[in-house]
Amino acid sequence: MNKIYSLTKRNCLLFLRSKATFFFSLFSSIIMIALYFLFIAKLYAQGFNELAGTDLTSNQLNFAIYSQMIMGVLVLNSVSLSAGVFTFVAYDLEKRKVDAFLIAKIKPSQLILSYLLSSLIISFALNFLTLAISVIIIGAATTFWLSAGTFFYLVGALIVITLISCAIMLLITILVRTSAAIGVINGIMGTLLGFLCGIYMPYTNLGSAAKYVGSCLPFTHMTIWLKQIVLNDVFAQFGMSAEISEIMKDAWFSAGNVGFVGLNVPLWGMLLLSAAFGAGCLAVAVLLLKKRMLKPKIKLKKLNKKGA
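Participant: Is there a simple way to think about the overall build of the protein in this case?
Facilitator: In terms of regular secondary structure, the protein is built from 14 helices and zero strands. When the helices and strands of the protein are listed from N to C terminus, the series reads α-α-α-α-α-α-α-α-α-α-α-α-α-α. Taking 19 Å as the expected radius of gyration for a compact globule of 308 residues, we find that the protein reaches 22 Å, a close match to that expectation. Each of the three principal axes of the protein carries a C-alpha extent, and together these read 85 × 40 × 30 Å. In the protein, buried positions account for 50% of the 308 residues. For the protein, the share of sequence-separated contacts (at least 6 apart) that also reach a separation of at least 24 residues comes to 80%. As displayed, the protein offers around 14,700 Å² of accessible surface, 70% of which is attributable to carbon and sulfur atoms.

Structure representation (structure tokens):
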């Protein structure tokens with residue numbers, strides 16, 4: 001346990017001390033927030049009351065718009081933060097530090113577990129902090145607050161999303177192997193996921209092709225899940241009927257179920273498939289990483305036999 005704790009602490013400190021890695025891990029979310037404040041929030045507000053048949057105040061509209069926006073930020077963070085931490089896995093493989101760890105009699109399972117734990121801790125902790133601060137700022141600015149039940153529901157969902165995202169990003173890291181490539185992929189993924197998952201703009205503006213492609217991505221369904229949790233609370237506070245709420249979630253906020261490539265698969269089914277996909281990615285990643293870690297040990301044994 002001491003070895004796992006020390007390795008996990010080392011990985012976390014490496015990420016937090018690297019200002020460049022930390023900044024670029026949050027770069028997609030920073031861009032998204034800037035875009036919302038500059039013009040996307042205004043697009044959401046325009047025509048909302050007319051379409052919904054309501055007369056909401058600007059504070060109510062801002063409460064709905066920015067609350068669902070933060071859900072997209074959390075999903076992007078879960079991807080970019082885990083990739084940022086796993087950059088040091090690629091770095092260890094590049095610089096052959098993994099071999100040094102193994103020679104120091106650290107088991108491959110301990111090393112892999114430390115990488116996973118450090119990614120889970122960093123990703124969840126910073127995402128939880130983002131959620132808590134956002135709820136406070138939005139509540140203070142609009143005078144509307146998410147209920148305690150909704151907040152804790154979001155925290156539980158965030159744990160699940162963090163696990164799935166870390167599993168997927170670990171596999172991508174093992175396949176790519178270089179820290180520079182991970183940084184590039186992280187930046188590209190943040191932009192693509194922002195559009196394909198309906199985070200930047202609703203699918204009604206992006207077209208059916210983006211919706212079909214997005215339905216193949218686990219991150220889309222995780223975004224929809226978080227948006228539905230928060231919007232159910234928001235619309236209930238506004239006294240909107242269930243029928244109008246469903247229409248607005250689907251047409252205005254891309255929070256309606258998108259199924260799978262046109263197939264009407266319920267959201268809970270897509271979340272289970274996403275979890276299964278994450279578990280599969282984790283299993284493959286662990287097998288590949290173990291195989292990579294066993295190579296220097298096999299070579300060392302051969303050299304010892306030759307020397308004998």
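Participant: Got a minute to help me understand the side chain of T162 in this structure?
Facilitator: For T162, the location among the structural elements is in helix α8 (residues 148–176). Beyond its immediate sequence surroundings of up to four residues, T162 is in contact with L120, S123 and F124.

Participant: What is the right way to look at the pattern of salt bridges in this model?
Facilitator: A side chain with one charge can pair with a side chain of the opposite charge if their charged atoms come near. Taken as a whole, this structure holds two salt bridges when the rule is applied. In this structure, the salt-bridge partner of R10 is D92, at a minimum N-O distance of 2.8 Å. Residue R10 is found in helix α1 (residues 2–17), and its partner D92 is found in helix α5 (residues 58–94); the two are separated by 82 residues along the sequence. Of the residues examined, D92 reaches a relative accessible area of 0% and is grouped as buried.

Participant: Can you walk me through empty space enclosed by the protein in this structure?
Facilitator: If a probe as big as a water molecule is rolled over the atoms, it shows which places are left empty. Taken as a whole and judged by the stated rule, the model has one cavity of 30 Å³ or more. Estimates place the volume of the largest cavity at around 60 Å³. Lining of the largest cavity is provided by F63, S67, I70, M71, S134, V135, I138, G139, F144 and L146. Only α5 and α7 (108–142) provide two or more residues apiece to the lining of the largest cavity. Among the residues forming the lining of the largest cavity, the class breakdown is seven nonpolar, three polar and no charged.

Participant: Is there a simple way to think about the confidence of the model for the protein in this case?
Facilitator: Across the protein, the average pLDDT comes to 84, with 95% of residues at or above 70. Mean pLDDT per element in the protein: helix α6 (residues 97–103) is the minimum at 73, and helix α12 (residues 218–238) is the maximum at 93. For the stretch residues 300–304, pLDDT sits under 50, and the model shows zero contacts to residues farther than four places along the chain or on other chains.

Participant: Hey, could you run me through helix α13 (residues 242–251) in this one?
Facilitator: Note on helix geometry: an α-helix contains 3.6 residues per turn, so any two residues three or four positions apart are oriented the same way. If you check which residues of α13 are buried, you get S245, M248 and K249. Seen end-on, α13 carries its buried residues on one side only, within an arc spanning 100°. Buried positions along α13 lie against α4 (48–52) and α12.

Participant: Sorry if this is basic, but what is going on with the side chain of K227 here?
Facilitator: Locating K227 in the fold gives a position in helix α12. Apart from residues lying up to four places away in sequence, K227 is in contact with Q68, M71, G198, I199, F253, S254 and A255.

Participant: What is the right way to read the environment of A141 from this model?
Facilitator: By the secondary structure assignment, A141 is in helix α7. By relative accessible area, A141 is classed as exposed at 55%.

Participant: I'm lost on the layout of surface pockets in this one. Help?
Facilitator: Within this model, the largest pocket holds a volume of roughly 480 Å³. Around the largest pocket, the lining comprises 21 residues; the ones closest to its centre are I33, I70, T130, I133 and S134. Those elements giving two or more residues to the lining of the largest pocket turn out to be α3 (27–45), α5 and α7. The element that contributes the greatest number of residues to the lining of the largest pocket is α7, accounting for nine residues. Broken down by class, the residue content of the lining of the largest pocket amounts to 15 nonpolar, six polar and no charged. What the second largest pocket holds in volume is close to 190 Å³. Elements supplying a minimum of two residues to the lining of the second largest pocket: α2 (19–25), α3, α5 and α9 (179–196).

Participant: Where do I start with α3 in this structure?
Facilitator: Counted at 1.5 Å a residue, the expected span for α3 with its 19 residues is 27 Å, and the 25 Å between its end C-alpha atoms agrees. When we look at burial in α3, the residues that qualify are S28, S29, M32, Y36, I40, A41 and Y44. Where α3 terminates, the next one or two residues include G47, which has phi positive at roughly 80°.

About the cut-offs
Residues numbered from 1 in each chain as written. Predicted model: local features only at pLDDT ≥ 70, side-chain atom pairs only at ≥ 80, totals over all residues. Heavy atoms only, no water. Helix = DSSP H or I, 4+ residues; strand = E, 2+ residues; numbered from the N terminus. Rg over C-alpha atoms; globule rule 2.2 N^0.38 Å. Buried < 20%, exposed > 50% of the residue type's maximum accessible area, 1.4 Å probe, protein only. Contact = heavy atoms within 4.5 Å. Areas by Shrake-Rupley, 256 points an atom, 1.4 Å probe, with all protein chains shown as cover. Salt bridge = Lys/Arg side-chain N within 4 Å of Asp/Glu carboxyl O. 1 Å grid on protein atoms, 1.4 Å probe; cavity = no way out; pocket = protein on both sides within 12 Å on 5 of 7 lines; lining within 4 Å. Points joined across faces, edges and corners; volume = space filled by probe spheres on them. Nonpolar A, V, L, I, M, F, W, Y, C, P; charged D, E, K, R; others polar. pLDDT = per-residue confidence, 0-100. Arc of directions from axis to C-beta. Expected span 1.5 Å × (residues − 1).

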